[in-house]
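Letter by letter, the chains look like this.
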Amino acid sequence: MPETNQWRFIEVGRLVLITKGKYENKVATILDVVDQNRVLIDSPACKDSAVWAGVPRHVASLKDLEPTPVKTEITRGLRVGGLVKALDTQNTIGKWTELTWAKKIMHRQARANINDFDRFRVDRARRQ
């Protein structure tokens, strides 16, 4: 019997990456499952990470989200204060930033935000 990929399940506390829309490439936590196509997500602002940049609490479609292997043990519909406390005590932000997936996103964003001179310097350094 094949093994199931358990970390892909949509569940309360799962960290998700937003793939489309206004908050593209930001991460949020699932707080509640509305129905089979939508979830309630929230991501309080954090000074430690550029990816973790304050996605407001809203209902999002699962078509626009990608589940990550990181999960926080929280209860359904937790408020912002409790969510921040749970994220800090369980080191969810640290676990996410250690993933290769997060590092690739930050690297892509850094490459997209450099100016022409920096792009030239990177190209010259790469050629030597």
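The paragraphs below set out a description of the structure included in this document. Keep in mind it's a predicted model, so treat the numbers as computed, not measured.

Our next topic: the overall build of the protein chain. When its secondary structure is counted, the protein chain shows four helices and five strands. Taken from the N to the C terminus, the helices and strands of the protein chain come in the order β-β-β-β-β-α-α-α-α. Relative to its 128 residues, the protein chain shows a buried fraction of 31%. About 8,500 Å² of surface is accessible on the protein chain, with carbon and sulfur atoms providing 51% of the total.

Attention shifts here to the nonpolar core. With nine residues, the main nonpolar core is built from V16, I18, A28, I30, V39, I41, V55, A60 and L65. Contributing elements (two or more residues each) for this core: β1 (14-18), β2 (27-33), β3 (38-45) and β4 (53-61). Among residues more than four places away in sequence, those in contact with A60 are N37, R38, V39, I41 and L65.

Here we come to unusual backbone geometry. Positive phi is not limited to glycine here, since N25 has a value of about 65°. Mapped onto the secondary structure, N25 falls in the loop between β1 and β2. Residue N91 is not a glycine yet carries a positive backbone phi of 55°. Topologically, N91 is positioned in the loop between α1 (80-89) and α2 (92-98).

Attention now moves to the pairing of β2. Most of β2 sits out of view: six of its seven residues are buried. Relative to β2, β1 runs antiparallel, the two sharing three bridges. In the strand pairing of β2, V16 is matched with A28. Hairpin remark: β2 followed by β3, antiparallel, with four residues in the connecting loop.

Reading the values: the criteria
Residues numbered from 1 in each chain as written. Predicted model: local features only at pLDDT ≥ 70, side-chain atom pairs only at ≥ 80, totals over all residues. Heavy atoms only, no water. Helix = DSSP H or I, 4+ residues; strand = E, 2+ residues; numbered from the N terminus. Buried < 20%, exposed > 50% of the residue type's maximum accessible area, 1.4 Å probe, protein only. Areas by Shrake-Rupley, 256 points an atom, 1.4 Å probe, with all protein chains shown as cover. Core = buried A, V, L, I, M, F, W, Y, C linked by side-chain atoms within 4.5 Å. Contact = heavy atoms within 4.5 Å. Pairing = 2+ DSSP bridges.

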